[in-house]
Amino acid sequence: ENTAKWLYEIRHGRWTLPDSPLLLIDEASMVATADLVTLVTQARQAGGKVLLVGDPAQLSAIHIGGAFDLLAERHGAARLTQIRRFTHEWEANASVLLRDRDPAAIDAYAMRGRIHAGRLDQLETALFDAWQADALGTDHSGQRVTVAMIVSTNEQAAVLGQRARHALIQAGHVVDGPTVTLADNLASVGDHIVTRRNDRRLTDTAGGWVVNGQTWTITTVHDNGDAQVARHGDGATLRLPADYLANHAHLAYATTVHRAQGMTVDRAHATVDADTSHQQLYVAATRGRQSNDLWVALDSDRDLITDDTHLPDPHQLLARALARRDPDRLAAHQLADDSQTELHSLARLGAIFEDAARQATDRWLTTKLAAHGLEPANRDGQWGSLLDRTRQAALQGHDLDQLINLAVTMRPIDDAHSVAGVLHWRLGQLAQQTEPARRPGPLGSLPTPDSDDDVHLALAQAAGVLIRRRWQQLHTRLETTTGPLPYATALGPRPADPDDARSWLTAATAVTAYRERYDLPDHLQLLGERPGLLRPDAQAAYDHAQLQVDLHLAHPYLHLNPEQLQTLHRQLAQHPTSLPRFDPQQLRDAHLAVTAARRSATTAAPADRDRSAADYERRRATVDALERLASTHQSQLNRKANTHDQQRQVSLAAHTTSRNR
């Protein structure tokens, strides 16, 4: 039973929990926090327990919610690893990427021709045409397939539902005869409808009752407005009264994303616009077993439109939807904790430190060069690049005074076209040729103060103290962790060996700190891509964290002697580096061709069915072959990256071994 019905009956004293019950709550993300508290209290009083089932990434409660999301985040949860809904393996994998906000999901759908784009005034027509091409045919056994259009509003759903019904009448799938009145339309024999209210008084031939969200086919229309219906899935039948139909039943051809959650159809076509959230996109793109198509309104986001002739790329709009977060779905405790964490987070403190350190370095370098008679250098067009190079050298542990003096005095520089440009080049060369004077790191990279009133230097030093404190907090928190970190699975669980445990903790702290500082998305493992040269502080932080990861993962190689390490390195170097030739456009074209062939085969005249079916099977075989190639290509890409990482770790082990001899 649904929670609203249960709570209503409990409050009126008609239902009670048995002793020691197990209360199973499905779609738990959609349960309001107040209702969940009530249910947990009831179960506790009866000596039972509550099992919450659902997906925190899906749509949340209409009222104040977020409890399920908070519980899963704070206390963890058992997770299903097999996805059974989808016909095609690639779509199951893409749904996981979509859930994790990974932009690779967009590429996966695009490579299969599943992303369509257009203006708002054109998109609804194009979506309906695609629905019609899918819905008017039959499957291999002659049965109609279920196809849903997922749109933004109930009004759109009603209009599209009416259009769909007329198209089905013209195709002969729905009888143009006596009708019953639904909540949003009329319906007749052959129409698919969805029930929107639980009613235990309406029992079917299988002994069940009418449930919200079930889909049915009308088989008979009675004179009094009742309808005989057959449930999709098991074929159970019952008679729905006219008043139920008029108030709680709708055509099943189009719906909103909130009503679609929990629904499964053969094929789905969903609209995406500027207001689509990640949760809505995730739900809308995963309703169909055999296919899910996204229809993106390019002119719905005025922030991305420079003029009416230059519309944004659909990938851009979808990426914004993936990144969009809904603060209303968070529990109050979670919001409070997030606000407190943000106040003392490395993201905030690190940004303050980096800006203040750059300003302090700017002032120090200007003064330093002025002492060498190069005062106009800070007005040079290459000054920003010189500042970046100076910060880079400082972060590597070099003595800035020594390096700048050497760079200026290498040879005359007064007549250079760009003094800053020449110094930039010289600093790079000197940094490569000079041993660092101290250990690398941000907190020791600040310049020597030339006065007591350098507010930027004082601010950077204060931020540095708080950064060190935050690192210690992360270290302490990770000391109690035993299982693998979800964002650093390559590190594995915390080892039992004390030395290995120490290196694991050092690496885990460095990775966690880096991810917090640069707000890495959940789908990225470890550290993601190395930042570019224009971000010296980020690059130094990345290099430090990567070194700690490599040091830990190199531990298994430390027991090998130099000859064994050299042999292993040679073996890794011999791994194949060439990849099978794979063209994403070829895969997309093949998918579009097989879609056209499928639609042709399902609507073909009897005399043409064998030929159309053979054409479809031939094109399906081409798609299957290309999908295998795509899978092989991705596997070898992953293997190549893993081999590169392993080579780096073996080299590090060899260096450590030789240094300790």
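In what follows, the structure referred to is the one given above.
Described in the following lines is the structure provided in the data block. (Residues numbered from 1 in each chain as written. Predicted model: local features only at pLDDT ≥ 70, side-chain atom pairs only at ≥ 80, totals over all residues. Heavy atoms only, no water.)

**Focus on the sheet that holds strand 14 (residues 254-256)**
Okay, so step 1: Strand order in the open sheet formed by five strands is 3-16-15-4-14, and the pairing between neighbours is parallel. Of all the strands in the sheet, just strand 3 (115-118) and strand 14 have a single pairing partner and so form its edges. Shown here is a sheet whose adjacent strand axes are inclined to one another by a mean of 25°, direction ignored.
Okay, so step 2: In the sheet, strand 4 (residues 147-151) pairs with strand 14 via three bridges, with the strands oriented parallel. The residue of strand 14 that forms the bridge with Val 151 is Thr 256. (Pairing = 2+ DSSP bridges. Helix = DSSP H or I, 4+ residues; strand = E, 2+ residues; numbered from the N terminus. Axes fitted to C-alpha atoms, helices over the stretch in contact; angles between N-to-C directions.)

**As for the sheet that holds strand 10 (residues 215-221)**
Each strand in a sheet pairs with its neighbour through backbone hydrogen bonds, running either in the same direction (parallel) or in the opposite one (antiparallel).
Okay, so step 1: Spatially, 12-11-10-7-13 is the arrangement adopted by the five strands of the open sheet, whose pairing is antiparallel. At either end of the open sheet lies a strand with only one pairing partner, and these are strand 12 (237-240) and strand 13 (249-251). Strand-to-strand, the axes of this sheet are offset by a mean angle of 40°, without reference to chain direction.
Okay, so step 2: The sheet contact formed by strand 11 (residues 227-231) and strand 12 spans four bridges and is antiparallel. Within the sheet, the bridge partner assigned to Val 229 lies in strand 12 and is Leu 238.

**Section: the side chain of Arg 598**
Okay, so step 1: Note on placement: Arg 598 falls in helix 21 (residues 584-603).
Okay, so step 2: Classification of Arg 598 by relative accessible area gives buried; the value is 13%. (Buried < 20%, exposed > 50% of the residue type's maximum accessible area, 1.4 Å probe, protein only.)

**Some thoughts on the nonpolar core**
Okay, so step 1: Counting 38 residues, the largest nonpolar core has Trp 131, Met 149, Ile 193 and Leu 240 as its most contacted members.
Okay, so step 2: With near-sequence residues (within four places) excluded, Leu 240 lies in contact with Ile 193, Thr 195, Leu 202, Val 210, Asp 226, Ala 227, Val 229 and Leu 245.
Okay, so step 3: Core analysis: the next-biggest nonpolar cluster, separate from the first, contains 32 residues, Ala 148, Met 263, Leu 318 and Leu 322 among them. (Core = buried A, V, L, I, M, F, W, Y, C linked by side-chain atoms within 4.5 Å. Contact = heavy atoms within 4.5 Å.)

**Focus: the packing of helix 13 (residues 346-371) against helix 17 (residues 455-479)**
Okay, so step 1: Packing of helix 13 against helix 17 brings their axes to within 8 Å, and their N-to-C directions diverge by 150°. Judged by the angle between their axes, helix 13 and helix 17 are roughly antiparallel. In terms of crossing hand, the pair formed by helix 13 and helix 17 is left-handed. Every residue of helix 17 that contacts helix 13 at Leu 346, Leu 349, Gly 350, Ile 352, Phe 353, Ala 356, Ala 357, Gln 359 and Ala 360 is listed here: His 456, Leu 457, Leu 459, Ala 460, Ala 463, Gly 464, Leu 466, Ile 467, Arg 470, Trp 471 and Leu 474.
Okay, so step 2: For the contact of helix 13 with helix 17, a count of residues per class yields 15 nonpolar, four polar and one charged. (Parallel < 35°, antiparallel > 145°, perpendicular 65-115°, else oblique. Left-handed = near helix turned anticlockwise from the far one by under 90°. Nonpolar A, V, L, I, M, F, W, Y, C, P; charged D, E, K, R; others polar.)

**Examining the packing of aromatic side chains**
Okay, so step 1: Applying the stated criterion across every chain yields a total of six aromatic pairs.
Okay, so step 2: Relative to Tyr 518, the ring of Tyr 514 lies with its centre 5.0 Å away and its plane at 50°, an arrangement referred to as tilted. Placement of the pair is Tyr 514 and Tyr 518 together in helix 18 (residues 498-518), with a separation of four residues, close to one helical turn. Each member of the pair, Tyr 514 as well as Tyr 518, is classed as buried.
Okay, so step 3: Taken together through their ring pairs, the aromatic side chains of Phe 128, Trp 131 and Tyr 253 make up a single cluster.
Okay, so step 4: The ring of Phe 128 has Arg 163 lying over it, and the distance from NZ or CZ to the ring centre is 4.2 Å.
Okay, so step 5: When the ring centre of Trp 209 is taken as reference, the NZ or CZ atom of Arg 200 above it lies at 4.1 Å. (Phe/Tyr/Trp six-rings, centres within 6.5 Å; stacked < 30°, edge-to-face > 60°. Lys NZ or Arg CZ within 6 Å of the ring centre and 35° of its normal.)

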